[in-house]
Amino acid sequence: MAPLLPGRRRILGAAMLACLPIRATAQPDLSRPLGPTIADTGSAWYRFSRFTLGSVDGQRSYRITLGVPLRPPPRQGYPAIVLLDGNVALAAIDEPQLQALQEGSPPVIVAVGYDTALRFDVAARAYDYTPPIPAGQVDEETSRGRRGGGATVFLDLLQDRILPQVRQQVALDATQLSLWGHSYGGLFVLHTLFTRPGLFSRYIAASPSLWWQGGVILQEEQGFPGAPGARLWLMAGEAERRERMPAEADDARTRAMLAARAAIPPQALPELAGRLRDRHGLAVQWQSFPGLAHGPMLPASLGPALRIAAGLAP
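All values derive from a computational prediction rather than experimental measurement. Per chain, residues are indexed from 1 in the order of the written sequence. Predicted model: local features are reported for residues with pLDDT of at least 70 only, side-chain atom pairs are reported and counted for 80 or more only, and whole-chain, interface and lining totals are derived from all residues. Each side-chain value is derived from all of the structure's non-hydrogen atoms; neither hydrogens nor water enter the calculation.

**Student:** Looking at this structure, how should I read the packing of aromatic side chains?
**Tutor:** To describe a pair of aromatic rings, you give the distance between the ring centres and the angle between the ring planes. Working definition: rings of Phe, Tyr and Trp (its six-membered ring) pair if their centres are within 6.5 Å, and the pair is stacked with planes under 30 degrees apart, edge-to-face with planes over 60 apart, and tilted otherwise. Counted according to the given criterion, the structure contains nine aromatic pairs. A positively charged side chain is recorded as over a ring if its NZ (Lys) or CZ (Arg) lies within 6 Å of the ring centre. The angle to the ring normal must also be within 35 degrees. When the ring centre of Tyr127 is taken as reference, the NZ or CZ atom of Arg147 above it lies at 4.4 Å.

This is the structure we're talking about:
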């Protein structure tokens, strides 16, 4: 039998996942080691380099991996895409995906991860990707053994330190910047859109954690002034709404998280897309991925995000 092509393998994998029971373990494995990524093994289409930065308070350390197309830059500079959870994002990118970007204008890849041997830094991302906690509310992350509410601090780091350092190394087109994130990262994408809508031109939020802190991101939405000329893609797995109920979960933390998620109705994300379509010039696209649960949405959304950044159909 002939070997499966990468695209066919992904389709078959999604179909197999759709046949499995949807369990709490459909969440990404936050404890897996990183291992080699495309930045380590090399690419015929991109060159990769890295630099590190520390947070202002010294509590978090970031590893930024820069992927620059080998194709000469356009006259106005390269488009670019910032990938949150950069460690695991790089682990999900393969050579056929990078080759496919050559059909458009391949973007500079700015993978913002953490300086760790793991795919995720759970405590750091919980702080960095979650919006400020309104006065009078208790930080729900403390029940998970970590802090939340640092998205504005991290956004300052991204805007004032990371992107300027990238621009010192490669010419970017300021009008063609994309931001992608999944889960808590998707929540951060929405926070960025709602509070600094001019920072990026394309916002790609995959399975954003609307439930976090009782839906505080939906409060931020109420003050969103709009973003003329910007585009937002909202994505989620169709099977996310069927992930098993809190009472069946294996531990107290998982039950609490799923209970919080269950408090936000499944239609909340497409309804958000509908509301934002009417908001002062923002173009919005909503996409549901058949059969996919929360965890598999990370790699499933990454390929379309790269294509969007390259100016191709997702």
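That was the structure; now back to the text.
**Student:** Whenever I open this one, helix α11 (residues 297–309) confuses me. Can you help?
**Tutor:** Residues three or four positions apart in an α-helix share a direction because the helix packs 3.6 residues into each turn. Between its first and last C-alpha atoms α11 spans 18 Å; for 13 residues at 1.5 Å apiece the expected length is 18 Å, and the two agree. The buried label goes to any residue with under 20% of its type's maximum accessible area, the exposed label to any with over 50%, and the partly exposed label to all in between, with areas taken from a 1.4 Å probe on protein chains only. We count a stretch as a helix when DSSP gives it H or I for four or more residues in a row; a strand needs E for two or more, and each element gets its number in order from the N terminus. Of all the 13 residues making up α11, 10 are buried; the element is thus mostly covered by neighbouring parts of the structure. All of the buried residues in α11 are Met297, Leu298, Ser301, Leu302, Gly303, Pro304, Ala305, Leu306, Ile308 and Ala309. At the C-terminal side of α11, Gly311 shows a positive phi close to 80°. One less than the residue count of a helix, multiplied by 1.5 Å, gives the span that helix is expected to have.

**Student:** Explain the pairing of strand β4 (residues 108–114) here, please?
**Tutor:** The side chains of a regular strand alternate between both faces of the sheet. Of all seven residues in β4, seven are buried, a share of seventy percent or more. Side chains Val108, Val110, Val112 and Tyr114 project from β4 onto one buried face, and the interleaved Ile109, Ala111 and Gly113 project onto a second face that is buried too. Across six bridges, the pairing between strand β2 (residues 61–69) and β4 is antiparallel. For Gly67, the partnering residue across the bridge sits in β4 and is Ile109. Only when DSSP finds a minimum of two bridges between them are two strands counted as paired. Where strand β3 (residues 78–83) meets β4, four bridges bridge the pair, whose relative direction is parallel. Note on β4: the bridge partner recorded for Ile81 is Ile109.

**Student:** Just to check I follow, could you spell out the environment of Pro304 for this structure?
**Tutor:** By the element assignment, Pro304 lies in helix α11. Assessed through its relative accessible area of 12%, Pro304 is described here as buried. For the pair Pro304 and Trp233, spaced 71 residues apart in sequence, the C-alpha separation works out to 10.0 Å.

**Student:** Even after reading the chapter, I still don't get the pattern of salt bridges, so can you show me in this structure?
**Tutor:** Pairing between side chains of opposite charge can happen when their charged atoms approach one another. Put simply, a salt bridge is a Lys or Arg side-chain nitrogen that is within 4 Å of an Asp or Glu carboxyl oxygen. For the structure shown, the criterion picks out nine salt bridges. For Asp85, the salt bridge is made with Arg125, and the minimal N-O distance between the two is 2.8 Å. You can see Asp85 sitting in the loop between β3 and α3 (86–92) and its partner Arg125 sitting in helix α5 (residues 122–128), a full 40 residues away along the chain. Like Arg125, Asp85 is buried. One salt bridge in this structure joins Arg144 and Glu141, with 2.8 Å as the shortest N-O distance.

**Student:** Looking at this structure, how should I read the side chain of His182?
**Tutor:** Position of His182 among the secondary structure elements: in strand β5 (residues 172–182). Under this definition, polar contacts are N or O atom pairs within 3.5 Å; protein pairs additionally need one hydrogen-donor-capable and one acceptor-capable atom, and for neighbouring residues in sequence, both atoms have to be side-chain atoms. One polar contact links the side chain of His182 to the main-chain carbonyl oxygen of His294, over a distance of 2.9 Å.

**Student:** Got a minute to help me understand unusual backbone geometry in this structure?
**Tutor:** Excluding glycine, residues mostly have negative phi values, and the peptide bonds linking residues are mostly trans. For Ser183, which is not glycine, the phi torsion reads 65° and is therefore positive. Position of Ser183 among the secondary structure elements: in the loop between β5 and α7 (184–195). Taking relative accessible area as the criterion, Ser183 reaches 9% and is therefore assigned buried. Phi is positive for Gln213, which is not a glycine, with a value near 55°. Among the structural elements, Gln213 can be located in the loop between β6 (202–206) and α8 (216–222).

**Student:** Explanation requested: the sheet that holds strand β1 (residues 46–54) in the structure shown.
**Tutor:** Within a beta sheet, neighbouring strands are joined by backbone hydrogen bonds and run either parallel or antiparallel to one another. Taken together, the eight strands give an open sheet; going across it, the order is β1-β2-β4-β3-β5-β6-β7-β8, and neighbouring strands pair in mixed fashion. Every interior strand has two partners, whereas the edge strands, β1 and β8 (283–289), have only one. Each adjacent strand pair in this sheet contributes to an overall mean axis angle of 15°, direction not counted. Throughout, a contact is declared for two residues whenever any of their heavy atoms are within 4.5 Å. To get an axis, fit a line to the C-alpha atoms, keeping to the stretch in contact for a helix; angles then go from 0 to 180 degrees between the N-to-C directions. Across the sheet, α7 is in contact with β5, β6 and β7 (231–237); its angle to β5 comes to roughly 140°. Lying on the sheet, helix α10 (residues 268–276) is in contact with β7 and β8; it crosses β7 at an angle near 165°.

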